[in-house]
Amino acid sequence: MSAVRLLWVPVLLCLTHAWLCHGACVEVDSDTEAVMGHGFKLGCISCKMRGEVPASATVDWWFRAKGESDFAHIYSYADMEGYIMDDRFVNRLAWNGSKKTDDVQDGSIYILNVSFNDTGTYRCFFDRTLVFPNYEYRTNATKFIILNVLGNATRGMASILSEIMMYVSIIGLQLWLVVEMVYCYRKIAAAGEEALRESEAEYLAITSESKDNCAGVAVAE
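Please read these numbers as outputs of a predicted model, since none were measured by experiment.

Enquirer: Break down the overall build of the protein chain for me, citing the residues and quoting the values.
Expert: Looking only at helices and strands, one finds two helices and nine strands in the protein chain. Moving toward the C terminus, one meets the helices and strands of the protein chain in the order α-β-β-β-β-β-β-β-β-β-α. Look at the contacts in the protein chain between residues 6 or more apart in sequence, and 58% of them connect residues 24 or more apart. When the accessible surface of the protein chain is totalled, it reaches about 14,800 Å², and 59% of it is carbon and sulfur.

Enquirer: Hey, could you go over the sheet that holds strand E2 (residues 40-42) for me, with residue numbers and the actual values?
Expert: Taken in spatial order, the three strands of this open sheet run E2-E7-E6, and their pairing is antiparallel. Every other strand in the sheet has two partners, leaving E2 and strand E6 (93-95) as the edge strands with one partner each. Recorded for the sheet is a direction-independent mean angle of 30 degrees between the axes of neighbouring strands. Pairing of E6 with strand E7 (residues 109-111) involves three bridges; the strand directions are antiparallel. From the neighbouring strand, Leu93 faces E7, where its bridge partner is Ile111.

Enquirer: Explain the packing of aromatic side chains to me, and be specific about the residues and the numbers.
Expert: By the definition in use, this model includes six aromatic pairs. With a centroid separation of 6.3 Å and an interplanar angle of 55 degrees, the aromatic rings of Phe71 and Phe144 are classed as tilted. With Phe71 in the loop between strand E3 (55-65) and strand E4 (72-78) and Phe144 in strand E9 (residues 136-150), this pair connects stretches of sequence that are 73 residues apart. Residue classification places Phe144 among the exposed positions, given a relative accessible area of 53%. Ring centres of Tyr75 and Trp95 lie 6.4 Å apart, and the angle between their planes is 10 degrees; on these two criteria the pair is classed as stacked. Here Trp95 lies in strand E6 and Tyr75 lies in strand E4, a separation of 20 residues in the sequence. According to the relative accessible area criterion, Tyr75 is buried, its value standing at 3%. The exposure class assigned to Trp95 is buried, which follows from its relative accessible area of 13%. An aromatic cluster of three or more residues is present, and its members are Phe63, Phe89 and Tyr122.

Enquirer: Tell me what's going on with the state of the cysteines, and back it up with residues and numbers.
Expert: Tallying each qualifying case throughout the model produces two disulfides. Here Cys25 engages in a disulfide with Cys47; their sulfurs sit 1.9 Å apart. Because the torsion about its S-S bond is -75 degrees, the bridge between Cys25 and Cys47 counts as left-handed. Of the two residues, Cys25 is situated in the loop between helix H1 (2-22) and strand E1 (33-35) and Cys47 in the loop between E2 and E3; the sequence distance between them amounts to 22 residues. Classification of Cys25 as partly exposed rests on a relative accessible area of 31%. We classify Cys47 as buried; its relative accessible area is 14%.

Enquirer: Please set out a nonpolar patch on the surface residue by residue, giving values where relevant.
Expert: Together, Leu161, Ile164 and Val168 give the surface a local cluster of nonpolar side chains, amounting to about 260 Å² of exposed area. Turning to its location among the elements, Leu161 is positioned in helix H2 (residues 157-220). What makes Leu161 partly exposed here is its relative accessible area of 46%.

Enquirer: Kindly report on the nonpolar core, identifying the contributing residues and their values.
Expert: By size, the foremost hydrophobic cluster in this structure holds 25 residues, and its most contacted members are Leu42, Val59, Trp61, Ile74, Tyr75 and Tyr122. Those elements that provide at least two residues to this core are E2, E3, E4, E6, E7, strand E8 (120-131) and E9. Per element, the largest residue contribution to this core is five residues, and it comes from E3. Setting aside residues no more than four positions away along its own chain, Val59 makes contact with Tyr75, Ser76, Tyr77, Trp95, Val104, Gly107, Cys124, Phe125 and Phe126.

Enquirer: Tell me what's going on with the pairing of strand E5 (residues 81-84), and back it up with residues and numbers.
Expert: Alignment of E4 against E5, held across four bridges, turns out to be antiparallel. Opposite Tyr75, over in E5, you have Ile84 as the bridge partner. The hairpin formed by E4 and E5 contains two residues between the paired strands, and Asp79 there has a positive phi angle of roughly 55 degrees.

Cut-offs and rules
Residues numbered from 1 in each chain as written. Predicted model: local features only at pLDDT ≥ 70, side-chain atom pairs only at ≥ 80, totals over all residues. Heavy atoms only, no water. Helix = DSSP H or I, 4+ residues; strand = E, 2+ residues; numbered from the N terminus. Contact = heavy atoms within 4.5 Å. Areas by Shrake-Rupley, 256 points an atom, 1.4 Å probe, with all protein chains shown as cover. Pairing = 2+ DSSP bridges. Axes fitted to C-alpha atoms, helices over the stretch in contact; angles between N-to-C directions. Phe/Tyr/Trp six-rings, centres within 6.5 Å; stacked < 30°, edge-to-face > 60°. Buried < 20%, exposed > 50% of the residue type's maximum accessible area, 1.4 Å probe, protein only. Disulfide = S-S within 2.5 Å. Patch = residues over 30% accessible without salt bridge, like charges linked within 9 Å, V, L, I, M, F, W, Y side chains within 5 Å. Salt bridge = Lys/Arg side-chain N within 4 Å of Asp/Glu carboxyl O. Core = buried A, V, L, I, M, F, W, Y, C linked by side-chain atoms within 4.5 Å.

Okay, here's the thing in structure tokens:
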């Protein structure tokens, strides 16, 4: 029975590892070309280095219009609530990131009815707190997006490369998952063979001991 229980340990570990890989976070660069009068997603993803550690994060967006020197605070997201901080974006910004969680890894926002005045540099700032059993660790990440607003829809090279990299990352994660599952299978098979050898040795030892006892009884008679 103990051997059977030991065999289940690597199985559970593999299943847990596979589940974590399936929900892996992938950082993909944002598109940088918007079309006048259309909506546009400003992508900003910041993955945790330790996916199994609970955390909470806030996200702030800043904007520097083309020709200006200073950034203006335009949007803030904290405690699962978003707040528009700049009058230029009132009723034009919406949260498009992680839903129903304080553990935010996708801090994307969506601009409605893009105008040429939205051309410029956007700064996305993550402020994250990792919660360990005995302490908390605070970290942050900053990403910049230079947005160009076009009169007509075109697909730039940056957008194409970004999409290619996204698919490459997904395929890479899937291949990693397959390798991990093969590795776990081999470990399980090796553990099973070891358990069988131990059981066989134990059986032979018991059989030998029984024969010795029988021989002792025969000599005594």
